[in-house]
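Structural overview for review
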Amino acid sequence: MIFAAIAASLVKLAFFGAVNDTTDPTMPTGAVTESHVDATLGTVVNDIVVAGTIEADATVPVRATLAGAVSELLVAQGSAVDAGAPILRIRSETPVDPVIAADGTVTQPKPKVRVETVTAPITGVLGGLAVLKDQLVSVGDTVGSVSPSTFSATGTLSAEQQFRLVSQPEDATVTISGGPAPFTCPGLRVSTGPASGAGTGGDAGAGADPGGDPLAPAPGGGTAVSCSIPAEVRVFNGLAAEITIAAGTAENVLLLPTTAVEGLSDNGNVWLVSDDGAEPTKHPVRIGLNDGVMVQIVDGLAEGETVLEFVPGAPAPVEEPGMMFGSGG
C-alpha cells in the first residue's frame, strides 16, 4: 500500500506538475483600457428645455401727468379698462399778472387753466386708485394701477444653456403638465437676471403685485427667459411649465459625444488616437451645435477619425439605462 501511494504521487507530478498558488490577493489583477469613439455623421437638434412657471404679467402704475388738483374721477376702482381709456382729470390754475390801465385802474385777469386727462397705460382691471376729488398731485405721482389679464411663461437659463443659445428665436413651445396641448408662446425675451416672479394673482384675470417684472434681475444673477401666453390659452398663476426653445438643427454633420470634447462652445479640443498605439494627442476643433449629449464638429476632424471618448482627467459620467455614447443622432 505504501509503494502504491508513492507510485500514484509520482504519476501526478509527471503528468500535472506541481501546484503552486502564488497569487497575492492584495495586488490588482484588472487592466485599465481607454475607451475610443469614432467621429460619425448624424443630426443634432439643439432644443433647449427650461423649467418655468406661469406668472401673471406685471401691474402697470397709472401716473399723474400734470401738477394740480384732481377735478374728476372717470372710472371706478375694479372696472375693466382698455389701453388709452380716460381714468381721471387733473386741473391746474396758473395766476396771471394784473393789468394796470393808464388811469391807474387795476384789472386782474382770470388764471390760465389747464386740464389733463390721465389714461390707462394698458388693457386690464383698474386697481389701487389712491386719490380723491380735489386732491393735489404732482407730476409722476402714482394715482392708480392697471392689472392685465395676461400671463407669461418665465424661467432661468443655466450657463450651459446660454452658450447653446447661439441665436435669438422669436417664440418658444410651452408644455403644462395636466393642462392644454403644447402651444406656441410668442414674444420670446431673454434678459440678464433670473425671473423674480410677476405676482401672486390667483387665476385668469387676477392681477400681479405692483411693480413685479418677470424679467427683472434678482440676487444671484443669471439669465431670464420669458414669452407671452396667447389670450386663447387658459392658464393659472403659479402653474409649472416646460419652455422649449428651438435653437437650431444641423443635419448630416460630424458628431462626437460631448464627453469627448474639451469645451462645448466655439472652440474645443479632442484627443486623437493613432493606429500605432502611441499616446493620444491633443487636437483643436471648431464646435457648432450641441444637444447636451452630442456635439457638432465644424472643423478640425474628419469622418471616421478616432478620439478618446472621455477627455483625459475629466470624470466619466455615469451611464443611465438607455443612454448610449459614441453614436450619431
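Residues numbered from 1 in each chain as written. Predicted model: local features only at pLDDT ≥ 70, side-chain atom pairs only at ≥ 80, totals over all residues. Heavy atoms only, no water.

**Brief notes about the state of the cysteines**
Put simply, the rule is: Note that a disulfide, as used here, is simply two cysteine sulfur atoms within 2.5 Å. For helices the rule is a DSSP run of H or I covering at least 4 residues; for strands it is a run of E covering at least 2, with both sets numbered from the N terminus onward. Relative accessibility under 20% of the residue-type maximum defines a buried residue, over 50% an exposed one, and the middle range a partly exposed one, all with a 1.4 Å probe and only protein chains included.
The tally for this structure, following the rule as stated, stands at one disulfide. Two residues share a disulfide in this structure: cysteine 185 and cysteine 227, whose sulfurs sit 2.1 Å from each other. Looking down the S-S bond of the cysteine 185 and cysteine 227 bridge, the torsion is 105°, so its handedness is right-handed. Residue cysteine 185 is located in strand β15 (residues 183-186), and its partner cysteine 227 is located in strand β17 (residues 223-228); the two are separated by 42 residues in the primary sequence. Accessibility assignment for this pair places cysteine 185 and cysteine 227 in one class, buried.

**Remarks on the sheet that holds strand β4 (residues 68-73)**
So the rule is basically this: For two strands to be treated as a pair, DSSP must find at least two bridges joining them.
If you walk across this open sheet you meet the four strands as β9-β6-β4-β11, and the pairing is antiparallel. Among the strands making up the open sheet, the edge pair consists of β9 (112-119) and β11 (136-137). Sheet topology note: the strand β6 (residues 86-94)/β9 ladder contains eight bridges and is antiparallel. Note that in β9 the partner of isoleucine 90 across the bridge is glutamate 116.

**Quick notes on a nonpolar patch on the surface**
Definition in use: Like charges within 9 Å and nonpolar side chains (Val, Leu, Ile, Met, Phe, Trp, Tyr) within 5 Å are joined into patches, using only residues over 30% in relative accessible area that form no salt bridge. Surface exposure here means Shrake-Rupley accessible area, sampled with a 1.4 Å probe, where a residue is shielded only by the protein chains that are shown. Every case where a carboxyl oxygen of Asp or Glu lies within 4 Å of a side-chain nitrogen of Lys or Arg is listed as a salt bridge.
A cluster of nonpolar side chains, namely Ile2, Phe3 and Ile6, defines an oily patch on the protein surface of about 390 Å² accessible area. On the secondary structure map, isoleucine 2 appears in helix α1 (residues 2-16). Overall, isoleucine 2 belongs to the exposed group, its relative accessible area being 66%.

**What to know about the sheet that holds strand β10 (residues 124-127)**
One open sheet accounts for four strands, arranged β3-β12-β10-β5; its pairing is antiparallel. The strands lining the two open edges of the sheet, one partner per strand, are β3 (60-63) and β5 (80-81). Of the strand pairs in this sheet, β10 and strand β12 (residues 142-147) are connected by three bridges, and their pairing is antiparallel. Directly across from leucine 126, in β12, lies its bridge partner valine 146.

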